[in-house]
Amino acid sequence: MKRARIISTGRYVPEKIVTNDEMTRLVPTSNEWIRERTGILQRHFVDREIGVSDLGYEAAKIALQRAALKPSDIDFIIFATLSPDYMFPGSGCPLQALLGVPGIGALDVRTQCTGFVYGLAVANAFIAAGQYKRILLVGAEVHSTGLEFTERGRHIAVLFGDGAGAAVIEASENGRGVLSTHLHADGRHVKDLWAENPGSRRIPRMYPGILEDGSCYPQMNGREVFKHAVTKFPEVIMEALKANDLSLDDVKLVIPHQANLRISEAVTQRLGLPPEKVFNNIQRYGNTTAASIPIALDEALEMGKIQEGDLVVLASFGSGFTWASAAIRW
Ligand code: ACO
């Protein structure tokens, strides 16, 4: 049976670091407030007009180089982001142009925080069906250009960071790779974490008051997000294990979407996992949404936390609400 195997990864974050102290110059906040509620110490922000396709390109170049591959060795691109370069087309197209591989398919995934896991599920299905042999999966976000740096937006502005992660995925037939993926959504919670405008439902889509009413900025019902996240993360991790007749003892590393350190800690506790089995790096990047899992995965690999044969579980929860997991035999 063919399954998708991640053969290499790469990450890229813009150079500019914004510490919590620096954040106090942008919005009325404090290092303590941010640290205590989110665990975040700093994040990276772009410092010029540069899109997610550019960040994704840098991450993809590293992943390709580590696999000793050229862009022309890729058959398909999957790009996960909630902050595309343009309203349309999706960011897979500009990334494909940067890679210089006209003709291959490029698909954008719009499931926000779960974008990388949904993208991995799509890649796995294409590979299992024999449609593609080698897929480039990218998760990237530029949040900083779309946050509201005012008192009204401060509870959200302090959470997010910019960055990209990439994975080269190949067909494997030796049992290594994605064992299963589990994808969920509950659209009743659309308005608990969203950016409403400019949206096509509204006539006219663009209007002068869009900045003043704040509807173009992300809005979050923080308590509702927290409540669902700490339930759905453990549920979807256990679902992945159960589907493969495995237990938490078999897991080498859980890589959760880096939503908020308090969420990760609550999930770790609920599952009774030792903290060293759950990877966290939100402290240095903030919440990078679709990029957070591939950035974390790349760091975990670099740190030697994952070896051949290890069981790794990716898990995510976010806007939609959507939640998802993937069990991977490394
Ligand atoms: N700095 C200082 N004070 C702030 C800030 C800030 N950045 N933001 C809000 N405040 C103030 C508020 O005005 C409020 O003041 P008041 O009590 O005088 O009215 C007080 O702090 C508490 O505000 P809340 O919004 O109620 O903050 P809460 O304590 O609930 O914490 C938080 C907010 C951290 C977002 C929390 O709701 C939470 O952990 N939610 C989980 C959601 C989350 O982390 N999402 C991450 C992104 S989504 C995802 O990836 C799944």
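Residues numbered from 1 in each chain as written. Predicted model: local features only at pLDDT ≥ 70, side-chain atom pairs only at ≥ 80, totals over all residues. Heavy atoms only, no water.

(A) Focus on the domain arrangement of the protein chain. Annotation of the protein chain at the domain level lists domain 1 (3-174) and domain 2 (179-329). Taken over C-alpha atoms, the centre of domain 1 sits 14 Å from the centre of domain 2. With 48 residues of domain 1 in contact, the opposing surface of domain 2 contributes 48 residues. Each partner contributes to the roughly 3,700 Å² buried at the junction of domain 1 and domain 2, and carbon and sulfur atoms together form 63% of this total. Per-residue buried area on domain 1 facing domain 2 is highest for Arg11, Cys113 and Val117; these three make up 18% of the total on that side. (Domains from an automatic or database assignment. Contact = heavy atoms within 4.5 Å. Buried area = accessible area lost by both parts, 1.4 Å probe.)

(B) Summary view of the site of the ligand. By nearness alone, 22 residues border the ligand, and Thr29, Arg37, His257, Asn260 and Asn287 come closest of all. One of the side-chain nitrogen or oxygen atoms of Thr29 is found 2.6 Å away from a nitrogen atom of the ligand. Here an oxygen atom of the ligand sits 3.0 Å away from a polar atom, N or O, in the side chain of Arg37. Contact with the protein chains hides 71% of the accessible area of the ligand, taken as 1,000 Å² for the molecule alone. Sorting the residues of the shell around the ligand by element identifies helix H2 (31-38), helix H6 (154-157), helix H7 (222-243) and strand E12 (311-318) as the ones contributing at least two each. Composition of the shell around the ligand by domain shows at least three residues from each of domain 1 (3-174) and domain 2 (179-329). (Near = heavy atom within 4 Å. Polar contact = N/O pair within 3.5 Å; in protein donor to acceptor, adjacent residues only side chain to side chain. Areas by Shrake-Rupley, 256 points an atom, 1.4 Å probe, with all protein chains shown as cover. Helix = DSSP H or I, 4+ residues; strand = E, 2+ residues; numbered from the N terminus.)

(C) Main features of helix H8 (residues 261-271). Those residues of H8 that sit buried are Leu261, Ile263, Ser264, Ala266, Val267, Thr268 and Leu271. Contacts made by the buried residues of H8 are with H2, H7, strand E11 (251-256) and helix H9 (282-285). Residue Gly272 follows H8 closely and has a positive phi angle near 70 degrees. (Buried < 20%, exposed > 50% of the residue type's maximum accessible area, 1.4 Å probe, protein only.)

(D) Quick look at the pattern of salt bridges. Applying the stated criterion to the full structure yields 18 salt bridges. Taking the shortest distance from any N to any O, the salt bridge between Arg154 and Glu151 comes out at 3.7 Å. Overall, Glu151 belongs to the exposed group, its relative accessible area being 53%. Salt-bridge contacts for Glu308 lead to Arg176; the nearest nitrogen and oxygen are separated by 3.4 Å. A residue pair is termed long-range when its members are at least 10 positions apart, and Glu308 in the loop between helix H10 (292-302) and E12 and Arg176 in the loop between strand E7 (163-172) and strand E8 (177-185) qualify at 132 residues. Among the residues examined, Glu308 registers a relative accessible area of 61% and is labelled exposed. For Arg176, a relative accessible area of 18% translates into the label buried. (Salt bridge = Lys/Arg side-chain N within 4 Å of Asp/Glu carboxyl O.)

(E) Molecular detail of the packing of H7 against H8. Where H7 contacts H8, the axes come no closer than 9 Å and their chain directions differ by 45 degrees. Classified by the angle their axes make, H7 and H8 are oblique. Considering only the axes of H7 and H8, their crossing is right-handed. Of the residues in H8, those touching H7 at Phe226, Ala229, Val230, Thr231, Phe233, Pro234, Ile237 and Met238 are Arg262, Ile263, Ala266, Val267, Arg270 and Leu271. In terms of residue class, the contact of H7 with H8 is made up of 11 nonpolar, one polar and two charged. (Axes fitted to C-alpha atoms, helices over the stretch in contact; angles between N-to-C directions. Parallel < 35°, antiparallel > 145°, perpendicular 65-115°, else oblique. Left-handed = near helix turned anticlockwise from the far one by under 90°. Nonpolar A, V, L, I, M, F, W, Y, C, P; charged D, E, K, R; others polar.)

(F) Examining the pairing of strand E5 (residues 105-109) more closely. Sheet analysis places strand E4 (residues 76-80) next to E5, joined by five bridges and oriented parallel. Along E5, the bridge assignment pairs Phe76 with Gly105. You can see the chain leave E4, run along helix H4 (residues 92-99) and come back into E5, and the turn it takes is right-handed. (Pairing = 2+ DSSP bridges. Right-handed = clockwise from strand over helix to strand, strands pointing away.)

(G) Representation of the sheet that holds strand E13 (residues 322-329) in the model. As summarised here, the arrangement of the four strands in space is E8-E13-E12-E11, forming an open sheet in which the pairing is mixed. Two strands close off the open sheet at either side, each with one partner strand: E8 and E11. In this sheet, adjacent strand axes meet at a mean angle of 15 degrees when their direction is disregarded. Inspection of the sheet shows E8 paired to E13 by eight bridges, in the antiparallel sense. Bridged to Val178 within E13 is Ile328.

(H) Local environment of the side chain of Asn31. Structurally, Asn31 is set in helix H2. Here the side chain of Asn31 touches Asn20 through a polar contact of 2.9 Å, side chain to side chain. If sequence neighbours within four positions are ignored, Asn31 has contacts with Asn20, Asp21 and Thr24.

(I) Focus on the nonpolar core. Counting residues in each nonpolar core, the largest one holds 34 residues, and the members touching the most others are Leu120, Ile135, Ile169, Ile255, Leu314 and Ile328. Considering each element in turn, this core owes the most residues, seven residues, to helix H5 (residues 115-129). A domain-level breakdown of this core finds at least three residues from each of domain 1 (3-174) and domain 2 (179-329). Discounting residues that sit within four places of it in the chain, Ile328 has contacts with Ile6, Leu120, Gly177, Val178, Leu179, Asp310, Leu311, Val312 and Leu314. (Core = buried A, V, L, I, M, F, W, Y, C linked by side-chain atoms within 4.5 Å.)

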